[in-house]
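A structural walkthrough
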Amino acid sequence: MKNVIFAGVGGQGVILASKILMQVAMNAGYDVKESEVHGMAQRGGSVDCHVRFDKQVYSPLIEKGTADFVVALELLEAMRKLEYLSPQGVLIVNRLKVNPAPVEAGIAQYPDDIESWLCSNVPHCHVVDTAQALKEAGSSRALNIVMLGVLSNFLEFEQRAWEEAIQQSVKEKFVDMNIKAFYLGKSIPVV
Amino acid sequence: MQKKVMLGNEAIARGAYEAGCNVAAAYPGTPSTEILEAIAAQYPDIKAQWSPNEKVALEVVAGASVAGARAMAAMKHVGLNVAADPLFTFSYTGVNGGFVIINADDPGAWSSQNEQDNRHYARAAKLPMIEPTSPQEARMYTRLAFDLSEQFDRPVIVRITTRIAHSQGIVTLEEPCKPELKPFVRNPQKYVMIPAHARPRHVFIEEQMLKLKEYSNNCELNTIEWNSTKRGIITNGVAYQYVKDVCPDASILKIGVAWPLPDAKIHEFCSKVEELYVVEELDPFIEDYVRALGYKPVGKEIIPICGELTPEIIDMALNKKRPKNEIPVYSGSIPGRPPALCKGCPHGFVFEVLKKLDVVVNGDIGCYTLAVLPPYSAMHTQGCMGASIGMHLGFEKARGDEMARNSVAVIGDSTFVHSGITPLIDLVYNKGTGTVIILDNRVTAMTGHQDHPATGRTLKGEETHELDLELLCRAVGVKRVRKIDPKNMEEFEKAVREEIAAKEPSVIISSRKCILTK
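From a predicted model like this one, the values you see are computed outputs, not experimental measurements.

On to the overall build of chain B. Within chain B, the secondary structure is distributed over 21 helices and 18 strands. Computed over its C-alpha atoms, the radius of gyration of chain B comes to 25 Å, within 12% of the 24 Å expected for a compact globule of 518 residues. Overall, the C-alpha framework of chain B stretches about 75 × 70 × 45 Å when taken along its three principal axes. Long-range contacts, defined here as pairs at least 24 residues apart, represent 76% of the contacts in chain B between residues at least 6 apart.

A few words on the overall build of chain A. Along chain A, the regular secondary structure elements total 8 helices and 6 strands. In chain A, the succession of helices and strands from N to C terminus is β-α-β-β-β-α-β-α-α-β-α-α-α-α. Once the C-alpha set of chain A is aligned to its principal axes, its extents read approximately 50 × 35 × 35 Å. Across the 191 residues in chain A, those meeting the buried criterion constitute 57%. Contacts in chain A between residues far apart in sequence, at least 24 positions, make up 64% of those at least 6 positions apart.

Residues and elements named next belong to chain B. Given a rise of 1.5 Å per residue, 13 residues ought to cover 18 Å, and the 18 Å separating the end C-alpha atoms of helix α16 (residues 387-399) matches this to within 8%. What α16 keeps buried is the set Ala 387, Ser 388, Ile 389, Gly 390, Met 391, His 392, Leu 393, Phe 395 and Glu 396. Residues of α16 that are buried make contact with β14 (360-362), α17 (401-404), β15 (407-412), α19 (421-429) and β16 (435-440).

Looking now at the packing of helix α7 (residues 159-169) of chain A against helix α8 (residues 175-186) of chain A. Residue and element names in this part refer to chain A. At a minimum axis separation of 9 Å, α7 and α8 run at an interaxial angle of 145 degrees. α8 is crossed by α7, and the crossing has right-handed handedness. Listed contacts from α8 to Trp 162, Glu 163, Ile 166 and Gln 167 of α7 are Val 175, Asn 178, Ile 179 and Phe 182. Of the residues in the contact of α7 with α8, the class split is 5 nonpolar, 2 polar and 1 charged.

With 165 residues, the main nonpolar core has Val 70 and Val 146 of chain A together with Ala 24, Ala 26 and Val 61 of chain B as its most contacted residues. Here this core gets 8 residues from one element, more than from any other, and that element is helix α1 (residues 14-27) of chain A. Filtering out sequence-adjacent residues up to four positions away, Ala 24 of chain B remains in contact with Ala 16, Leu 36, Ile 39, Ile 46, Ala 48, Ala 71 and Met 72 of chain B.

Attention now moves to helix α21 (residues 489-501) of chain B. Residue and element names in this part refer to chain B. For α21, built from 13 residues, the straight-helix expectation of 18 Å at 1.5 Å per residue is met to within 8% by its first-to-last C-alpha distance of 18 Å. Residues Phe 492, Ala 495, Val 496, Glu 499 and Ile 500 constitute the buried set of α21. The buried residues of α21 all sit within an arc of 115 degrees when viewed along its axis, so they share a single face. Turned more than 90 degrees away from the buried face of α21, the exposed residues are Glu 490 and Ala 501. Buried positions along α21 lie against α15 (346-357), β15, β16, β17 (480-484) and β18 (506-511).

Residue and element names in this part refer to chain B. Pairing in this open sheet of 4 strands is mixed, and the strands run β9-β11-β10-β13 from one edge to the other. Taken across any chain shown, the strands that pair with only one partner, and hence form the sheet edges, are β9 (223-225) and β13 (275-279). Each strand of the sheet is rotated relative to its neighbour by a mean of 20 degrees, with strand direction disregarded. Looking at chain direction, strand β10 (residues 228-236) and strand β11 (residues 250-255) are connected through 6 bridges and run parallel. Looking at β11, one finds that Asn 236 is bridged to Ile 255. Packed on one face of the sheet, helix α11 (residues 237-246) meets β10, β11 and β13 and runs near 150 degrees to β10.

Here the focus is the sheet that holds strand β2 (residues 31-35) of chain A. Read from one edge to the other, the open sheet built from 8 strands follows the order β6(A)-β5(A)-β4(A)-β1(A)-β3(A)-β2(A)-β8(B)-β1(B), with strand pairing classed as mixed. Whereas interior strands pair on both sides, the edge strands pair on one side only; in this sheet they are β6 (125-128) of chain A together with β1 (3-7) of chain B. Adjacent strand axes in the sheet meet at a mean angle of 20 degrees when their direction is disregarded. Of the pairings in the sheet, the one linking strand β1 (residues 2-9) of chain A to strand β4 (residues 67-72) of chain A comprises 4 bridges and is parallel in character. Considered in β4 of chain A, the bridge of Ile 5 of chain A is made with Val 70 of chain A. This element, α1 of chain A, spans β1, β2 and β3 (46-54) of chain A together with β1 and β8 (167-172) of chain B of the sheet and lies at about 5 degrees to β3 of chain A. In the packing of helix α7 (residues 135-152) of chain B onto the sheet, the strands contacted are β1 and β8 of chain B, and the crossing angle to β8 of chain B comes to about 60 degrees.

For the rest of this paragraph, the subject is the interface of chain A and chain B. In this complex, chain A contributes 48 residues to the contact, which on the side of chain B involves 39 residues. Residue composition of the side of chain A that touches chain B, by class: 26 nonpolar, 13 polar and 9 charged. Note: β2 of chain A against β8 of chain B, 3 bridges, orientation antiparallel. Note that in β8 of chain B the partner of Glu 34 of chain A across the bridge is Gln 168 of chain B.

What follows covers the packing of α11 of chain B against helix α14 (residues 311-319) of chain B. All names here are of chain B. Two numbers describe how α11 lies on α14: the axes approach to 9 Å, and their chain directions differ by 55 degrees. Classified by the interaxial angle, the pair formed by α11 and α14 is oblique. You can see that α11 and α14 cross each other, and the crossing is right-handed. Contacts from Tyr 242, Val 243, Asp 245 and Val 246 in α11 reach Pro 311, Ile 314, Asp 315, Leu 318 and Asn 319 in α14. For the contact of α11 with α14, the class distribution of residues is 6 nonpolar, 1 polar and 2 charged.

Here we take up the domain arrangement of chain B. Segmentation of chain B into domains returns domain 1 (3-218), domain 2 (223-319) and domain 3 (346-511). Its C-alpha centre places domain 2 of chain B at a distance of 46 Å from the equivalent point of domain 3 of chain B.

Our next topic: the pairing of strand β3 (residues 47-50) of chain B. Residue and element names in this part refer to chain B. In this structure, strand β2 (residues 23-26) lies alongside β3, joined through 4 bridges in parallel fashion. Its bridge partner being in β3, Ala 25 is matched across the sheet by Gln 49. Between the parallel pair β2 and β3, the chain is carried across by helix α2 (residues 34-42), and the sense of this crossover is right-handed.

Definitions and limits used
Residues numbered from 1 in each chain as written. Chains lettered and ligands numbered in written order. Predicted model: local features only at pLDDT ≥ 70, side-chain atom pairs only at ≥ 80, totals over all residues. Helix = DSSP H or I, 4+ residues; strand = E, 2+ residues; numbered from the N terminus. Rg over C-alpha atoms; globule rule 2.2 N^0.38 Å. Contact = placed C-beta atoms within 7 Å. Buried ≥ 20, exposed ≤ 12 C-beta atoms within 10 Å, placed from the backbone. Expected span 1.5 Å × (residues − 1). Axes fitted to C-alpha atoms, helices over the stretch in contact; angles between N-to-C directions. Left-handed = near helix turned anticlockwise from the far one by under 90°. Nonpolar A, V, L, I, M, F, W, Y, C, P; charged D, E, K, R; others polar. Core = buried A, V, L, I, M, F, W, Y, C linked by C-beta atoms within 7 Å. Arc of directions from axis to C-beta. Pairing = 2+ DSSP bridges. Parallel < 35°, antiparallel > 145°, perpendicular 65-115°, else oblique. Domains from an automatic or database assignment. Right-handed = clockwise from strand over helix to strand, strands pointing away.

Printed below as a string of structure tokens:
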């Protein structure tokens, strides 16, 4: 069983990223399930998607302490999902701070030590810098696919399979752009 | 056979299509909204529509059914409250073409004002209710529901929850069937519920429910999966999937027919297992029933009534297993990320003004309910769709004229059309003098931008008559109606001051498009 959580902020496109992962897993012959959040969470709230694939999958939700990967598109959102990681689980987190409404309103503070704390307390933590890739992709909206590209280095699926899954999951006119973003992400050095 | 990854709600749309559903109606509501959207986008032959509210949607569907078509209504759990009146009596009339109601409960209240468990409706209204545990079953059960409806002459409720509606899985697609319209035969004894007709229909539906109990006992929707008999778990809906993961060795009675429950299968199961558990979200609906049959299952003493279940909650309750990883707890404080009004949202201007004026705000259901939170903190009551205006009048009745001079009701355009019109009539009729602000952003925003009668567009994107809110308010007797762009905050503030000071009913239509629409 592979358990992957995508976490981000409403509007960052974690649902599309998880959809592509599901597609690639299904094409490879796996059973897949996913669970996502709609409604209130879309108004700038936290959004997460749980994706699971294996020969047979029952629960669409990942049990806490069993996630193989948490892919966080924002630093605070990574913090909220740590309890899902398995002891061997890998955290991939984008070096990005998006202020939540209470911070914008001046009634809460964005902690300034999140990145260093994660690096020293999460056994398998990879902080990635997507700034250059997003610049080359031409849009910060490609972040979800760039992060999917980073994740792909940890998974078994071949490049061709990812391209096919992207083709099946996005509108035709966005296919090339997304494949480009995917490879930009894939080539980000993971340290 | 073609396979596709589908959202539970898309799978329901697919099931309706495969069953030859002819008419579908709904009012948007999380987590049910995508059902009608998927029908409109993917199955153009189905006459699909947004109705002004769930009651009307259910009545349109009832009409279509009696007229001979297969028809389906979809709504969130609280939507069924709105539609409860027709629900209980269409139970008596029964159906002609298959009549299916999709009901989406929201355990955890992800996007709702409560966590009600609508299985109680099936029992109360004497209707069969079936419950899928996955998107694949959502397609199958929706399709099946149409057949059951015609076979037993009952509207059939398909109950899903947020985790079925908004989870994806692999769905196998089947060929659609194309049922002919059934003839409409005039039959007032069946379709006109005067007392003389209702009494014999009550007898009839009790008989039908006995037949359905027989069906429930024998059908594959209620299945015993034998394993070790040391531990037996009765479960339903998405909880079934969690149980499969965390208790792989247990025997399971999977309940797919939530009502009527299968007595014989419950007896068979309970008599053979050593430890008996019921794992169900929200109320002890199955558990109480099993107790009434004479068994003593472990249920709500270890499985919470409140909130959504998760695999770890069940693992902890049944196996005493805590999630494990050794990441320490962060000592600082992690600010939450509550949903908030978008930057530039027209509601924001309105609530800036209301906050400044420090008036009591009777609120309603929509994005603007977020004004209860900082930075506005400018909403003081809210209950259900349309409640703002009635409560506003109640405040005035209780506390007098002074109250009306220091308060407003706020309600969105879609919510106003849904159920704000009758309370506005009440406000005028019963000599209220309060001010109602219609937050008209030209869309049902919260649920993801659906059209409604005042946008002049249908679910299918066709142009139609655009309900004139101003004219409507004048027609019910409000003489002071003004339309103002709230971005002009100075003018808006002046208008609010003047209208709440006026000792007669008034409506301010705050007119500015949702920032997320083009």
